[in-house]
Amino acid sequence: MITVTRSLIAGLCLAVATPSMADMIVARRGHPAACSIVHADDAPPPIVLAAKELQDFARQMTGVELPIISDAVELPAQAILVGTSRHSTGVPGAAGAMATLGADGFLLRRSGPHLLILGDERGTLYGVYELLERAGCRWYASWHSHIPHLDQWAITDDLNVTERPAFRMREPFWFDMFNTFQALRNKCNGNAMRLGPEHGGRVRFGAGMFCHTFDRLMPPDEFFASHPEYFSEIGGKRLRDHSQLCLSNPDVLRIVTERTLANIRKDPDASMFSVSQNDWRNPCACANCLALREQYGNEAGVLLWFVNQVAEAVENEFPNVLIETLAYQYTREPPQNIRPRHNVMHRLCTIECDFARPIDQSDDPQNQKFVTDIKGWSAITEQLFIWDYVTNFRHYLGPHPNFKALQGNVKFFRDNHVIGVMEQGAYQGYHAEFAELRGWLLAKLLWNPDADMAALLDDFFNGYYGPAAPLVRQYFDALQALVDPPENKVKIFHPLTMPWYSDEFFLWATDIWLQAEEAVKDQPAFLDNVRKGAIPVYYARVERMTAPAISFRWQDEQVLPRDVPEDYRQLVSALLDRMDGKRPIRVCENADNHAALLAKWRRAVKGIAVNTISSGPFRVSIAPAMNGCAGIFKDGNSENYLDSDYGTSFSLKGITLPWQAAPQLFSVKDERPEHLNLSFTLRNQYRIDRVFTLDADGLSVQNSVSNLSHERALPLEPVTGFALALGGSSHLCWRLDDGPWQNLVSPGDARFAMNAIRSDKLTTARSFTVASPHSGRGMRFAMAAGHDRIVIQTRADRDSATVSFVQSAQALAGAATHSCSYTLLPMATITGLPAPIAVTLLPPEQQRIVLEDCFLPIGHPGSWGDHGSDARAEDGAALILTNTHYEWCSQLKPDLTLFAPQQPYRIRARVRIEKARPDGLAFWAGIYDAGKKQSVSHHIFTNLAIADDNYHWYDIGPANNAWIPAKDQYVWFGPGQFDKEKESSAIKAVYIDKIEFIPVIN
């Protein structure tokens, strides 16, 4: 309940108006202090801080410093009494008022020539800030406040305000609100706010036990090996990874209780400690847990049964501590036949809801279910907290029109007896979409849900954007109106391609923000706020664009972008320019996606940073943010032995073409003059470490992959590639160890050729050398034994060759590591090579392109298909599609640089079929244009039309056999369709050996 005798706006007007005879003159510019600030002689630090804050802002407003004195001296003729003191206790009614304030409440009351500011420690601080706000002070952001310039500050004689917050805990979970004084001055007291005892403290979780604590209380690393029964049983198997606890196990209850008590003993001043599910599903389904689920109606009942017992043990030693748990996802629905103990607090989570409008006003099924759930919880507990969500977690910087839901939701929570609210926003950085407005506005609403929303919005826009406010408000209102139609729902993971957005809207919005910047161009503080506020519009435009395929060139010690479309470059530059500054900005919640997006933008505009190592005559340049690729390897003659565009590579799953490789942003773990250690982690899946070391023997490259799962095997076919610039790649020769040289001559009609070297000697060979008879240059690779094959790829247009060392496919066990290393020794002059063989190359428009099976990607490897051995394939390997589905499981987007511009091509694939029966569909294939969302070609092949199980060529291009390469198009394959409800597939497997693109010459 909140009681306010005068509105904020009215109080502000009275504070600066000409005072009446009975008004209390606090300070008059240019005159001595008219009154003193008084606190108890033994006042605790928060009360002393309250007095200092009042003194400081009074000086900023009027230029007058009010003296601070203690109640050890006589009461001055006119005083502001801050907190309980011997002087305030004598004021009639003060003691009674204090008894009604509760936690965080405060009283502002004129009493004769004095002003009382009373409350508990935080409440007194809040009372001071309320008084200052009534004088016109605002703290919109930690870097932007408004402190009025007053000739005179007067307080009316009838000031009599009692305020009590609507919620015990108020936590706008926004990055700037974690700052101490931004939170304190806006009356926030949540767990994440950096508020120490000297600031009045906060409502906090102890010992770091905040949420999702099962793994912290009982780490699988500690318990699973010896006691798998402590963890979830799913399908008859105990899970280690992404598991919950087996809540019916008495040992689990004992250990969790003991550890919870131990945490409380370490931090007994905290209010709450969490005993809550991990942030994924998989609740235990053992027989005992299922019996509890049956008894209490659902998983929430099982969790509550467990937590109640922990809380009962805690109360015996710590009667004032709350044990928190979650009502989240699979535990959101209230249980049956059980109630939370009085010292158990549930945090009910809104994660699934629509936020275009208040929860109870949306027709979204999740909202309607949530209304039922909150009423169910509030009927059985008085300790109900809310975990609400007020941003787009995939796009912190993107537009998120949820403002029409904010006040309604806060009122809805209060009306359903909620006592604490956490409003989770962009908590990892500044300047998310309207972040400062949301943090400030939610602070006001969590204190008083009935505050005048329109007045608050006007207040913020005028105070934060200055003369640009009308323009920013125009954009703000238009954005919120986009989701007025009831069918438009706002969820917290929505893409920026939702149908209510349009390119036209964002172009209009860009112009509005540019006008806003112009309006404050001579006012730096407002200009910075406006430029940061415009970020979401530029971000949305960039993310809605089809990202161009950008190539890079190595130039000395840097990697520079090329072929960047000018409109994309300008837009990204404008975005990065506005993001630049001393305050960190986070793009989205996921750290990997954040880093990848920033890297993508910076690469397109600024290029890629390079690290260089050297030793003796050798120098190597490596780009960690470009898949940890080394692009320059020079000897004492400054000859680069690498094709810089492709450099070195490492693939977990077979040979890939450079444009197929997913970007990997390696970080530097260790750097020395001759050594560079890089690491990349794909969260919860694997980690790749790449180590480059130079010495007299050349360049050592070690690649290691570690399986981060303890349960799931990681399928691997490790391939380490080196793109070499040896000169004259149309004729190369190679040898294993010191064996005889073997010739490798590229056909003159092939723009792209690939040759697989398979030999029994690969199992024991310790070195491989490749050289060009034309230049006499070569590269010797020292390697470990045990390779499946070595593949050499040549491109006629580049005069370079890529050597790929392919190891056998394997399943890397959980928590295991696989390593492979190679030492490269450049050889400037090699004698005894075979005589050069001249190759006559056809013109580019007459060169065919052959892509082997290893270049074909596969979706859901191991399930939809995989690369494997096939003796009937020309190179002994094929992409094998399984018969469990009929998806377009292989989708190849060709590299357009391989093709002659505007040259038509015939496309054919070499395929064989293992039939399951004579009839039915064998496979289908074609070309699809993702940009235009239309088919370019579409072919279905039947078993009846296929004579045998040998390889045959099949045309898969357009009917006229004249496909002209274009961006956004991809070649696709899938097993034949079948009715999964009525029959099985007509094939056992589809084998794809290669694809060939043949120029159509008129």
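The model shown is predicted, which means the values in this text are computed figures rather than measured ones.

### Observations concerning the overall build of the protein
And step 1. If you tally the helices and strands in the protein, you get 20 helices and 49 strands.
And step 2. The proportion of buried residues among the 1002 residues of the protein is 57%.
And step 3. Approximately 39200 Å² of the protein is accessible, and the part contributed by carbon and sulfur atoms is 51%.
And step 4. Computing the positive centroid from 96 side-chain charges and the negative centroid from 114, the protein places the two 1 Å apart.

### Re the confidence of the model for the protein
And step 1. For the protein, the average pLDDT comes to 93, and 97% of its residues sit at 70 or higher.
And step 2. Across residues 1-21 the pLDDT falls below 50, and counting only partners more than four positions away or on other chains, this stretch makes 42 contacts in the model.

### What to know about the nonpolar core
And step 1. Grouped together as the largest cluster of nonpolar side chains are 158 residues, with contacts concentrated most on Leu54, Leu132, Trp153, Phe413, Phe434, Tyr465 and Trp601.
And step 2. Core analysis: the next-biggest nonpolar cluster, separate from the first, contains 47 residues, Trp734, Leu762, Met783 and Tyr822 among them.

### With respect to the sheet that holds strand β15 (residues 322-327)
And step 1. With parallel pairing, 6 strands are arranged side by side in an open sheet as β11-β18-β17-β16-β15-β14. In the strand order of this sheet, the two ends are held by β11 (169-173) and β14 (272-274), each with one partner. Each strand of the sheet is rotated relative to its neighbour by a mean of 20 degrees, with strand direction disregarded.
And step 2. Looking at chain direction, β11 and strand β18 (residues 420-424) are connected through 5 bridges and run parallel. By the bridge assignment, Pro172 is partnered in β18 with Glu423.
And step 3. Running at roughly 165 degrees to β11, helix α13 (residues 435-447) makes contact with β11 and β18 of the sheet.

### Regarding the side chain of Ser804
And step 1. By the secondary structure assignment, Ser804 is in strand β37 (residues 800-807).
And step 2. Side chain to side chain, Ser804 and Gln793 meet in a polar contact 3.4 Å long.

### Regarding the UniProt feature "domain: Alpha glucuronidase N-terminal" (unreviewed entry) in the protein
And step 1. UniProt marks residues 34-131 with the feature "domain: Alpha glucuronidase N-terminal" (unreviewed entry), using the numbering shown here.
And step 2. When the span residues 34-131 is considered, its composition is 38% helix and 23% strand, and the gap between its end C-alpha atoms is 17 Å.

### Considering the packing of helix α15 (residues 469-481) against helix α16 (residues 503-519)
And step 1. Where α15 contacts α16, the axes come no closer than 8 Å and their chain directions differ by 160 degrees. Regarding the angle of α15 to α16, the classification is roughly antiparallel. Our pair here, α15 against α16, has a crossing hand that is left-handed. Residue-level contacts link Leu471, Val472, Gln474, Tyr475, Ala478 and Leu479 of α15 to Phe505, Trp508, Ala509, Ile512, Trp513, Gln515, Ala516 and Ala519 of α16.

### A few points about unusual backbone geometry
Phi is mostly negative for residues that are not glycine, and the peptide bonds are mostly trans.
And step 1. One non-glycine residue, Lys187, lies in positive phi territory at about 65 degrees.
And step 2. Assignment of secondary structure puts Lys187 in the loop between α5 (180-185) and α6 (214-217).
And step 3. Phi at Gln902 is positive, roughly 60 degrees, even though this residue is not glycine.
And step 4. One can find Gln902 in the loop between β43 (890-892) and β44 (905-915).

### A short note on the packing of helix α2 (residues 45-62) against helix α4 (residues 121-134)
And step 1. Contact geometry for α2 and α4: axes closest at 8 Å, N-to-C directions at 10 degrees. If you check the angle between α2 and α4, you find them roughly parallel. On the side of α2, the interface is formed by Pro46, Ile47, Leu49, Ala50, Glu53, Leu54, Phe57 and Met61, while α4 contributes Glu121, Thr124, Leu125, Val128, Tyr129, Leu131 and Leu132.
And step 2. A per-class count over the contact of α2 with α4 returns 12 nonpolar, 1 polar and 2 charged.

### Remarks on helix α3 (residues 94-101)
Each α-helix turn comprises 3.6 residues. Residues three or four places apart therefore point the same way.
And step 1. Among the residues making up α3, those that are buried are Ala94, Ala97 and Leu101. Angularly, the buried residues of α3 cover 65 degrees about the axis, an arc narrow enough to put them on a single face. In α3, the exposed residues that point more than 90 degrees away from the buried face are Ala95 and Ala99.
And step 2. Those residues of α3 that are buried are in contact with β5 (106-111), β6 (114-119) and β10 (160-163).
And step 3. Backbone geometry just after α3 places Gly102 at a positive phi near 70 degrees.

### Focus on the pattern of salt bridges
And step 1. Enumeration over the complete set of coordinates arrives at 65 salt bridges.
And step 2. Measuring nitrogen to oxygen at the nearest pair gives 4.0 Å for the salt bridge that ties Arg29 to Asp151. Of this pair, Arg29 sits in the loop between β1 (24-28) and β2 (36-39) while Asp151 sits in the loop between β8 (144-146) and β9 (152-155); the two residues are 122 residues apart in sequence, bridging distant segments of the chain.
And step 3. Asp949 is the salt-bridge partner of Arg872, the closest N and O atoms lying 2.9 Å from each other.

### Brief notes about α4
And step 1. The terminal C-alpha atoms of α4 lie 20 Å apart, and with 14 residues this matches the ideal 20 Å at 1.5 Å per residue to within 8%.
And step 2. Here α4 lies mainly inside the structure; 13 of its 14 residues are buried.
And step 3. Among the residues trailing α4, Gly136 stands out with phi positive, at a value near 115 degrees.

### Remarks on the packing of aromatic side chains
And step 1. Enumeration over the complete set of coordinates arrives at 64 aromatic pairs.
And step 2. Plain terms: the ring middles of Tyr501 and Phe506 are 5.5 Å apart, the flat faces sit at 45 degrees to each other, and that makes the pair tilted.
And step 3. In this structure Tyr501 comes out as buried when scored by relative accessible area, which is 7%.
And step 4. The side chain of Lys187 reaches across the aromatic face of Trp447, ending 5.6 Å from its centre.
And step 5. Of note, Arg777 hangs over the ring of Tyr641, and the distance from its end group to the ring centre comes to 4.2 Å.

### Points about the environment of Asn249
And step 1. Along the chain, Asn249 turns up in the loop between β13 (237-238) and α8 (250-266).
And step 2. Judged by its relative accessible area of 12%, Asn249 falls in the buried class.
And step 3. Separated by 227 residues in the primary sequence, Asn249 and Ala22 have C-alpha atoms spaced 71 Å apart.
And step 4. Beyond its immediate chain neighbours, meaning those up to four positions away, Asn249 contacts Glu229 and Tyr230.

### Quick word on the environment of Gly429
And step 1. Position of Gly429 among the secondary structure elements: in the loop between β18 and α13.
And step 2. For the pair Gly429 and Tyr928, spaced 499 residues apart in the sequence, the C-alpha separation amounts to 40 Å.
And step 3. Ignoring sequence-local partners within four residues, the contact set of Gly429 consists of Phe175, Pro584 and Arg586.

### Let's talk about the sheet that holds strand β22 (residues 618-623)
And step 1. Strand order in the open sheet formed by 3 strands is β21-β22-β23, with antiparallel pairing between adjacent strands. Of all the strands in the sheet, the pair left with one neighbour each is β21 (611-615) and β23 (629-634). For this sheet, the mean angle separating the axes of adjacent strands, direction not counted, is 20 degrees.
And step 2. In terms of strand pairing, β22 meets β23 through 5 bridges, oriented antiparallel. In the sheet register, Arg619 faces β23, and the bridge partner there is Lys634.

### Focus on the pairing of strand β40 (residues 848-852)
Moving residue by residue along a regular strand, the side chains alternate between the two faces of the sheet.
And step 1. Within β40, 4 of the 5 residues are buried, which leaves the element mostly enclosed by the surrounding structure.
And step 2. As paired elements, strand β33 (residues 750-757) and β40 share 2 bridges and run parallel to each other. Each residue of the ladder has a partner; that of Ala750, found in β40, is Arg848.
And step 3. Here β40 runs beside strand β49 (residues 987-999); their pairing, made up of 4 bridges, is antiparallel. Bridge pairing in β49 links Ile849 to Phe997.

### Observations concerning the state of the cysteines
And step 1. Scanning all chains against the criterion turns up 0 disulfides.
And step 2. With no disulfide of its own, Cys211 lies 8.6 Å from the sulfur of Cys349, the closest cysteine sulfur.
And step 3. In this structure Cys889 is not part of a disulfide, and its nearest cysteine sulfur, from Cys854, lies 16 Å away.

### Description of the environment of Arg170
And step 1. Along the chain, Arg170 turns up in strand β11.
And step 2. Separated by 13 residues in the primary sequence, Arg170 and Ala183 place their C-alpha atoms 9.8 Å from one another.
And step 3. Those residues in contact with Arg170, other than ones at most four positions away along the chain, are Asp104, Tyr126, Pro165, Lys187, Cys188, Asn189, Gly190, Val421, Leu446 and Trp447.
And step 4. A distance of 2.8 Å separates a polar side-chain atom of Arg170 from the backbone oxygen of Phe167.

Rules used throughout
Residues numbered from 1 in each chain as written. Predicted model: local features only at pLDDT ≥ 70, side-chain atom pairs only at ≥ 80, totals over all residues. Heavy atoms only, no water. Helix = DSSP H or I, 4+ residues; strand = E, 2+ residues; numbered from the N terminus. Buried < 20%, exposed > 50% of the residue type's maximum accessible area, 1.4 Å probe, protein only. Areas by Shrake-Rupley, 256 points an atom, 1.4 Å probe, with all protein chains shown as cover. Lys, Arg positive; Asp, Glu negative; His and termini not counted. Charge placed at Lys NZ, Arg CZ, Asp CG, Glu CD. pLDDT = per-residue confidence, 0-100. Contact = heavy atoms within 4.5 Å. Core = buried A, V, L, I, M, F, W, Y, C linked by side-chain atoms within 4.5 Å. Pairing = 2+ DSSP bridges. Axes fitted to C-alpha atoms, helices over the stretch in contact; angles between N-to-C directions. Polar contact = N/O pair within 3.5 Å; in protein donor to acceptor, adjacent residues only side chain to side chain. UniProt positions renumbered as here; feature names shortened; annotations may be inferred. Parallel < 35°, antiparallel > 145°, perpendicular 65-115°, else oblique. Left-handed = near helix turned anticlockwise from the far one by under 90°. Nonpolar A, V, L, I, M, F, W, Y, C, P; charged D, E, K, R; others polar. Arc of directions from axis to C-beta. Salt bridge = Lys/Arg side-chain N within 4 Å of Asp/Glu carboxyl O. Expected span 1.5 Å × (residues − 1). Phe/Tyr/Trp six-rings, centres within 6.5 Å; stacked < 30°, edge-to-face > 60°. Lys NZ or Arg CZ within 6 Å of the ring centre and 35° of its normal. Disulfide = S-S within 2.5 Å.

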